[in-house]
Amino acid sequence: MRYTKILTLAGLLAAAPLSSPALAANGHYVPGVEGIGGPAVPPPGVYYRGYLVRYDIDNLRDGQANKAPGKNTGEVTALANRFIWITDKTFLGANYGVETIIPLQNTSLDFRGVGVKDSDSGLGDIFVGPVVLGWHGQQWDAVFAAGHWFETASYEPTEPASIGKGHGTTMLTLGGNWHFDADKNWSFSALSRYEIKTEQDDTGVTPGDSYLIEWALSHRLDTGLDIGLVGYEAWQLEGDKGGSTDKAEKHALGAEAGYFWPNHGLGLNAAFYQEYNNEAGPEGALLRLHLTKVF
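Here goes a summary of the coordinates provided.

Each value, and the rule that gives it
- Residues numbered from 1 in each chain as written.
- Predicted model: local features only at pLDDT ≥ 70, side-chain atom pairs only at ≥ 80, totals over all residues.
- Heavy atoms only, no water.
- Helix = DSSP H or I, 4+ residues; strand = E, 2+ residues; numbered from the N terminus.
- Polar contact = N/O pair within 3.5 Å; in protein donor to acceptor, adjacent residues only side chain to side chain.
- Contact = heavy atoms within 4.5 Å.
- Buried < 20%, exposed > 50% of the residue type's maximum accessible area, 1.4 Å probe, protein only.
- Pairing = 2+ DSSP bridges.
- Core = buried A, V, L, I, M, F, W, Y, C linked by side-chain atoms within 4.5 Å.

With that out of the way, let us pick up the side chain of Glu99. Considering the arrangement of structural elements, one finds Glu99 in strand E3 (residues 94-111). Looking at Glu99, its side chain comes within polar contact range of the side chain of Arg82, at 2.7 Å. Apart from residues no more than four positions distant in its own chain, Glu99 is found in contact with Arg82, Phe83, Ile84, Phe127, Val128, Gly129, Val132 and Ala145.

See the structure below:
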């Protein structure tokens, strides 16, 4: 039985890399790129946010969270370039904006235990978000957003490290930020993403819908430095139509620190996450740096 599971895992990785030899649980969005203050939409203006992510794969898990035998490692490095325009228009009492994400990625997989070795690099699938709504209260913030990941990257069904996913994804975002005190020194945030996939033309497989939550409990020091406990929980909610019934799952806990220089319109954050109890895919550690620039 266990030998059959390992063969199934190897077949999935070699034939249809839907369950994340890359960064996401089974969709496009990478959990862990947002942490402290993630749901807080900024004031009207134009913003750039660059996310530099390094994901080191330590092992592989099957659909029952069993570790695959042998040495199975890999590295994924990605730079996601996000451009945000928050207008001076309002809708339903919220500031209205638009955004786009243009990712660059390099993936190297050395899954010796299951007989897979592959690498790829290039421009990833591009995200266009025509709806970003941000609400602000005295001690809270909320966000709703909607957009679509387009099939702009190269994808080959027989190459597990393919940068592209081979399908489109509609992504819905909902989140909130709560400040425990009037000075906003203590905060808790939760940002959720729901992903709905289209069918892969090359395989006829439709990946199952997925859902994730990124959260942060943070404190702002008198120096202005933000520090906090962060984590993410990601689930594939249903098996792939026409493919594997295994459902990917990822969980991680970590820490983050960040600082914003208002005179320069510049912010820098760094976070480290360690994954645990994953299913149907890789498990490892994620290091994330993100730079924010206000224009």
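This is not the end of the story, as more comes after the structure.
The side-chain alternation of strand E12 (residues 266-275) yields one buried face, formed by Gly267, Asn269, Ala271, Tyr273 and Glu275, and one unburied face, formed by Leu266, Leu268, Ala270, Phe272 and Gln274. Summarising the sheet, strand E11 (residues 249-261) and E12 pair through 10 bridges and their orientation is antiparallel. Paired with Trp261 across the strands is Leu266, a residue of E12. Between E11 and E12, which follow one another and run antiparallel, lie four residues, and Gly265 among them has a positive phi close to 60 degrees. In this sheet, strand E13 (residues 281-294) lies alongside E12 in antiparallel orientation, the contact comprising nine bridges. Along E13, the bridge assignment pairs Leu268 with Leu291. In this antiparallel pair of consecutive strands, E12 and E13, the connection spans five residues, and Asn277 shows a positive phi of 55 degrees.

Mapped onto the fold, Ala94 is located in strand E3. A residue is classified by how much of its surface remains accessible, and Ala94, at 0% relative accessible area, is buried. Separated by 40 residues in sequence, Ala94 and Gly134 have C-alpha atoms that sit 5.0 Å apart. Sequence-distant contacts of Ala94, that is, excluding residues within four places in its chain, are made with Lys89, Leu133, Gly134 and Trp135.

Okay, the nonpolar core next. Generally speaking, nonpolar side chains in soluble globular proteins are found buried as a group. Ranked by size, the top nonpolar core spans 31 residues in total, and within it Val33, Phe111, Val114, Tyr273 and Leu286 carry the most contacts. Taken together, the elements giving at least two residues each to this core come down to strand E1 (45-61), strand E2 (72-91), E3, strand E9 (210-220), strand E10 (226-236) and E12. In terms of residues, this core owes the most to one element, E1, which gives five residues. Residues Val41, Ile86, Val132 and Val143 belong to the second largest nonpolar core, which totals eight residues.

The next thing to look at is the pairing of strand E8 (residues 186-197). Sheet topology places strand E7 (residues 169-179) next to E8; 11 bridges connect them, and they run antiparallel. The residue bridging Thr173 from the neighbouring strand is Arg193, located in E8. With antiparallel pairing between neighbouring strands as the criterion, E7 and E8 make up a hairpin whose turn holds six residues, including Lys184 at a positive phi of roughly 60 degrees. Strand direction decides the pairing type here: E8 and E9, joined by 10 bridges, are antiparallel. Among the inter-strand pairings, Trp186 is bridged to a residue of E9, identified as His219.

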